[in-house]
Structure formats: C-alpha cells, structure tokens
Amino acid sequence: MEIRHWIGGRAHDGPVERWGDVFDPATGRREAQVAFATPELVDHAVKVATEAAAGWRNASLSVRTRVMFAFRELVEKRKQDIARILTREHGKVLSDAMGEVQRGLEVVEFACGIAQLQKGEFSENVSSDVDSYSIRQPLGVVAGITPFNFPAMVPMWMYPIALACGNAFLLKPSEKDPSAANLSAELLREAGLPDGVFNVVHGDKVAVDAILNHPGIAAVSFVGSTPIARHVYETGTRAGKRVQALGGAKNHMVVLPDADLDLAADSAVGAGYGSSGQRCMAISVVVAVGDVADRLLPRIRERLRKLKVAPGLEPGADMGPLVTREHQQRVLSYVDKGVAEGAKLLEDGRGHGIPGDGFFLGPCLFDHVRPEMAIYRDEIFGPVLGVVRVASYEEALALVNANPWANGVAIFTNDGGAARRFQNEVQVGMVGINVPIPVPMAYYSFGGWKASLFGDSHAYGREAVHFYTRGKVVTARWPDPKHRGVNLGFPQMK
Ligand code: NAD
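Thresholds applied
- Residues numbered from 1 in each chain as written.
- Predicted model: local features only at pLDDT ≥ 70, side-chain atom pairs only at ≥ 80, totals over all residues.
- Heavy atoms only, no water.
- 1 Å grid on protein atoms, 1.4 Å probe; cavity = no way out; pocket = protein on both sides within 12 Å on 5 of 7 lines; lining within 4 Å.
- Points joined across faces, edges and corners; volume = space filled by probe spheres on them.
- Nonpolar A, V, L, I, M, F, W, Y, C, P; charged D, E, K, R; others polar.
- Domains from an automatic or database assignment.
- Contact = heavy atoms within 4.5 Å.
- Salt bridge = Lys/Arg side-chain N within 4 Å of Asp/Glu carboxyl O.
- Polar contact = N/O pair within 3.5 Å; in protein donor to acceptor, adjacent residues only side chain to side chain.
- Helix = DSSP H or I, 4+ residues; strand = E, 2+ residues; numbered from the N terminus.
- Near = heavy atom within 4 Å.
- Areas by Shrake-Rupley, 256 points an atom, 1.4 Å probe, with all protein chains shown as cover.
- Sits in = over half its atoms within 2 Å of the grid points.
- Phe/Tyr/Trp six-rings, centres within 6.5 Å; stacked < 30°, edge-to-face > 60°.
- Core = buried A, V, L, I, M, F, W, Y, C linked by side-chain atoms within 4.5 Å.
- Buried < 20%, exposed > 50% of the residue type's maximum accessible area, 1.4 Å probe, protein only.
- Pairing = 2+ DSSP bridges.
- Right-handed = clockwise from strand over helix to strand, strands pointing away.

### Let's talk about empty space enclosed by the protein
- Per the counting criterion, the structure on display carries 4 cavities of 30 Å³ or more.
- In this structure, the largest cavity encloses a volume near 120 Å³.
- Lining the largest cavity are 15 residues, and of these Gly277, Ala282, Ser284, Glu379 and Phe381 lie nearest its centre.
- The class makeup of the residues in the lining of the largest cavity is 7 nonpolar, 5 polar and 3 charged.

Structure, rendered in structure tokens:
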C-alpha cells in the first residue's frame, strides 16, 4: 500500500523520490510505504494552502463553526476505524486508541465554540466620538509537526483550533504512523472544509526543515522529543515565525506514606505501562517517600503480573508492542544499563514469551534507582518504571525540581495541606493530585516547563486561539457634525 500526501483536497499523485516504510509493530511486517516530501513538494503545498487561506479567512463564523460540528460528528461515527488505524501502525491496544480519539475529539468540540473564543473587546467613547476595539485575525498558513505516539490526538490539539480561527493548515505527521492524518483530511473535506485549507505532507527532516524555512508559513506548532523541539524552535523563530515546540518528558509520581496505596498502585501501573510507556505524560519514576516503597511495590508487582501483553487488536490486551524495532532495541538497552548500573530489576519484561517478530517488551520494574543512573536521567519512552526511594517530602520535591524536564508530575497523598504545598512549590507545567496523568481538558491548555516546552504558548485551549491569531486594535472616529473642527495638536483623547 502507498500512503500519499494530501494536497488541495485530494491524494497527491505526483512522482515520489523517496519512500519510508510503515510497519505493523505487532507482527514486525512492513505493511505500507509513505511518500517523503521534497522542499519543492512542501512549496507546492504552501502555495495551494495560501490560495485557499485567502477565502477561508473570510468565511463567516457560522460557516467555520458548522464545519467543526460536522467534522465532530464524522469523527464520532468513524471512531472505531480511526482507532484501528492507530493500533495497526502504532501498536497501542484498541481501547487505548479509542481513548486517544476521544481526547482529540474534545478539542474539536472546544473549537466548535470559536464564535465565543475569537471575540474581541470594545470600548465606547474612549474620546468624544471615538470608539476603540480589538479583533483577532488568522495568521494565514500555519503548520503542525507531530510525533508518533498520538497520531490522531496530537494533530487534533492543533488543526481544529487553527482552522476554526480562519487559517489554512499544513500537517506533517510522524512518518512511523502516517495514515490517521490522511483519514482526518478526508473527513474534514466531507465536513465541508474547502479544498486546500487542510493539507498533509509526509516525510522526515527534509520536509520539516522545508516547513521551518518556508516564508509562506507564519507559525509552527511542534510536539516531539526535546532535541528536535529545540531545533524546530531555533530554526523556525530565526526564520521569523511564531513557534511553539513541546518536547520530551520524565514524569515523576511522588507517593507520600499516607497515600491510598491501592489507588497509587493502580495509577502507577496505568500511567507507567499504558501505551507501553510511550506517552509524553507517562509516569516513568515513582518517588517513594519514607517507608512507602516496601508497602507499594508488592501491590504494583501483583498488578503487573496480571497485565496481558498482546497484539493491540486482540481482545483483552492491556499492552501492545513498541512502535519500531529500533525503538524496542533502544528500550532494551536501557534495561541492560539499569541492571549494569546496580538498580534492582524486580520485574523483567524481556521474557514476555510472545512468538513472532513483533516489537514487544513486557513490563519492567526497577527498584533502588538513583538519580545518576542513565535509566533515571534519560527519557526511555518504554514500559520501564523506576522507583527512587527518598527520606522526606523535601527530598522528593528537590529531586523533581532538579530534573531538566518538567512536563507532568503527580503526588499521591491524603493530606490536603501537603498536596497544596506541592502544587505551589513544584516546578512542572501540569500537576496531578491523586491523578497520575493530569492532561488538561480541552478548555485549559497543555504544556510543560523547562526542557519540555520551547516558546511561551501551550497547546490547545485559549492559548491556542491566541497562538493562531494576531491582535489588531482599531480606533475609530465617527464625528457628530456638532463636533467638527481643525485641531493641530498631538492627538489627545478628550
Ligand atoms: P521525534 O522528535 O523523533 O519526532 C517528532 C517529529 O519530528 C516527527 O514528525 C518527525 O518526523 C520529526 N523529526 C524527527 N527527527 C527530526 C530531525 N532530525 N529534524 C527535523 N524533524 C525531525 O519524536 P517521536 O519519537 O515521534 O515522539 C516521541 C517524543 O515526543 C518523546 O520525546 C515524547 O516525550 C514527545 N512527546 C511530547 C509531548 C508533549 O506534549 N510534550 C507529546 C507527545 C510526545
């Protein structure tokens, strides 16, 4: 099968110089090839988008809202189909894929309220016969560059709001699981979006760099790993663009001795191993305070032994494979490093016993992890959870705050005062209190701090409306005939 770019409302059938392989991670088989864009192809897509943007920016709020509502209905109807595509190319289990689509859909629902969201302000009589008002206008053509781990949801953090604001959009999805992007394009077209307003270019660094340097693109939203986020931010802003670049993560879950340990164990397993640990909000470090580790770990282990590791389409599967063989080998190398560095491997997922060539790794659990170890320092992005033991709340807080990443964090406790102190003192962008994956709802905004975010604008929610529009303030005089007359002074408000 061939996966093509989507430009001007249809699959692009021009010549393709380079192709990438798309695998089914559960079997290890190559299932498709995806076209890789050249700078010329990106330029063509931008031209098409620019032309379409000129009309779309003047589409009424009612028309834009109607397209979003219709798109919402179509995604709802095709949820299963989208989820199956995600499972086939990413590997995550079907129930998780359905959850991903649902979380993306919530942003589409938010974008349906664009008439309220894009309102300006109005001040009557700032001077005699003079009114002043602000409006927010679309930027033109904007681009989104997205990671493999949420091939439907992360693009939906971006394009529904960008489109609803009146922009044209160019999506460069991950080359590892590119098909969901094309289905979204088809559904947007079916929802009534004019051709050329939403386009998909596939590819790798060549496509990304062409986007970052293209003068016809006004803004770039990026989600992915920290080194690439930094590259995207630096290159894009140097080229004069507005850029928001969300990076990688190493999320901690602090468990105080008074926590509800069954809740904490359920949460650690769900957030540590869901999607095989390939979530930017996955918990990868449990910070066990005081004596809590000895009571918590047996509960975590008991739950891990019940997890069913299997192909994502198999009924009852809890955890699917990793996305590629290279990634599986990289995660495996961290398990080896952890053992070599002296952490205690309590559960060893290397013996998962699944036949075939799928990219599986079972759940791995390390105790006695120390901050200087590679399994603590690096983002592993796999089903590997580490436990760091600390003596006090203060030590836990210092550990979290010293980490260069600051995407999400959670605290588990029954002490409201301790939780409140933590939310105040912790230097992380998204905080969960007895909630392991505190992904904000669509009407807040998503973003970390420090090396987890380059730029100052978070994804979706109100911050996205701001990001995808620019402000204009109008000062208007409509004089009452009685007030006419020449005034040679510097304009003053009277
Ligand atoms: P990645 O950084 O490898 O790729 C992201 C995008 O950048 C892809 O579209 C890819 O094609 C492109 N890309 C890759 N290498 C490039 C290069 N050298 N130059 C230019 N572009 C390049 O990330 P990934 O492996 O697809 O996704 C996993 C990473 O994303 C993890 O680090 C995870 O934490 C992070 N992530 C962060 C968030 C967040 O909200 N902060 C959300 C999801 C994923």
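Back to the text.
### What about the domain arrangement of the protein chain?
- If you check the domain split of the protein chain, you get domain 1 (2-247 + 452-474) and domain 2 (251-433).
- Counting residues at the interface gives 21 residues for domain 1, matched by 24 residues for domain 2.
- When the shortest N-O distance is used, the salt bridge between Arg279 and Asp96 registers 2.8 Å.
- At the boundary of domain 1 with domain 2, the tally comes to 7 residue pairs in polar contact (both at pLDDT 80 or more).
- If you tally residues by element for the side of domain 1 that touches domain 2, the top one is helix α3 (residues 79-90), at 5 residues.
- Here the residues of the side of domain 1 that touches domain 2 are counted per class, giving 7 nonpolar, 8 polar and 6 charged.

### Points about the site of the ligand
- Near the ligand lie 28 residues; those nearest to it are Lys172, Glu175, Ser225, Gly247 and Glu379.
- Lys172 is positioned with one of its side-chain polar atoms (N or O) 2.7 Å from an oxygen atom of the ligand.
- One of the backbone N or O atoms of Gly247 is found 2.7 Å from a nitrogen atom in the ligand.
- Burial of the ligand by the surrounding chains reaches 88%, relative to a free accessible area of 850 Å².
- According to the grid-proximity analysis, the pocket containing the ligand is the largest pocket.
- Among the elements of the structure, α8 (205-213) and β11 (219-223) are those that each provide at least two residues to the shell around the ligand.
- Looking at the shell around the ligand residue by residue, the class counts come to 14 nonpolar, 9 polar and 5 charged.

### What to know about the packing of aromatic side chains
- In total, this model carries 13 aromatic pairs according to the counting rule given.
- Taking 4.3 Å as the distance between ring centres and 35° as the angle between the ring planes, the aromatic pair formed by Trp157 and Phe446 counts as tilted. One end of the pair, Trp157, is in helix α6 (residues 153-164); the other, Phe446, is in the loop between β20 (430-433) and β21 (449-450), with 289 residues separating them in the sequence.
- Put simply, the rings of Phe71, Tyr159, Phe169 and Phe198 pair up and form one aromatic cluster.

### Considerations on the nonpolar core
- Counting residues in hydrophobic clusters, the biggest one holds 94 residues, and the most contacted among them are Trp157, Ile161, Leu163, Phe169, Phe198 and Tyr468.
- Broken down by element, the residue count for this core peaks at 10 residues, all from α6.
- Not counting residues up to four positions away in its chain, the partners in contact with Phe198 are Trp6, Tyr159, Leu163, Phe169, Leu171, Ala181, Ala185, Leu188 and Leu193.
- If you look at the next biggest cluster of nonpolar residues, it comprises 34 residues, including Val287, Tyr334, Val369 and Ala396.

### Concerning the side chain of Arg303
- Inspection of the secondary structure puts Arg303 in helix α11 (residues 292-306).
- Residue classification places Arg303 among the buried residues on the basis of a relative accessible area of 18%.
- Other than its neighbours up to four places away in sequence, Arg303 contacts Asp262, Ala265, Asp266 and Val269.

### Considering the pairing of strand β14 (residues 283-289)
- Judged by how many residues are buried, β14 sits mostly within the fold: 7 of 7 residues are covered.
- With 5 bridges joining them, strand β13 (residues 251-255) and β14 adopt parallel strand pairing. Bridging from a neighbouring strand, Met253 pairs with Val286 of β14.
- This β-α-β element, β13 to helix α10 (residues 261-273) to β14, shows right-handed connectivity.
- Here β14 runs beside strand β17 (residues 384-390); their pairing, made up of 5 bridges, is parallel. Bridged to Ala288 within β17 is Arg389.

### A short note on the sheet that holds strand β1 (residues 2-3)
- The strand order across the open sheet formed by 3 strands is β1-β5-β4, and the pairing between neighbours is mixed. Looking at the sheet topology across the chains shown, the edges are occupied by β1 and β4 (18-24).
- Both β1 and strand β5 (residues 29-36) contribute to a ladder of 2 bridges, which runs parallel. Paired with Glu2 across the bridge in β5 is Gln33.

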